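Listed below, chain by chain, are the residues.
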Amino acid sequence: MTTTSVDCPLQCGGQAQRSPIGWRGYAYRCPTCGGSFELSDGAQADADRGQLHPQAIERARQALANGKHPRIETGADDKRTTVIVSGAS
Ligand SMILES: [Zn+2]
């Protein structure tokens, strides 16, 4: 598994460690945000264009602040962005 250091897609201004997780997209760990999270391929494509939905970023950061492990997904068909918050990371 290849881990690369990239600008945090949650736009915290920090550097995050990104690892591909196959068809599920990418896993991130960001010390500035204080936790780990995931982006789907669609959400990653949005983030690469700087078009990740601001509300998705906000929800993911809130989840991280609460010790959760959020996953941001953007559907390829309807471009709807959702944030899935599962248990503690
Ligand atoms: Zn961050």
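Our subject is the structure listed above.
Here we summarise the structure given alongside this text. All residue numbers refer to positions counted from 1 along the written sequence of the respective chain. A pLDDT threshold of at least 70 governs which residues receive local features in this predicted model, and a stricter bar of 80 or more applies before side-chain atom pairs are shown or counted, although totals over entire chains, interfaces and linings include all residues.

It is worth spelling out the pairing of strand β4 (residues 35-39) at this point. Partly exposed residues are those whose C-beta has more than 12 but fewer than 20 other C-beta atoms within 10 Å; 20 or more makes a residue buried and 12 or fewer makes it exposed, with C-beta atoms placed from the backbone. Strands here mean DSSP runs of E at least two residues long; helices mean DSSP runs of H or I at least four residues long; both are numbered from the N terminus. Buried residues dominate β4, accounting for 4 of its 5 residues. Between strand β3 (residues 26-30) and β4, which pair antiparallel and follow one another directly, the connecting turn spans 4 residues, one of which, G34, has a positive phi of 85 degrees. Here, any two strands with at least 2 DSSP bridges between them count as paired. Pairing between β4 and strand β5 (residues 68-74): 2 bridges, direction parallel. Bridge pairing in β5 places L39 opposite I72.

Position of A47 relative to the elements: it lies in helix α1 (residues 41-48). With 39 residues separating them along the chain, A47 and C8 place their C-alpha atoms 9.5 Å apart. Beyond its immediate chain neighbours, meaning those up to four positions away, A47 contacts P9, L39 and L52. A pair of residues counts as a contact when their C-beta atoms, built from backbone coordinates, are separated by no more than 7 Å.

None of this, on its own, says anything about what the molecule does.
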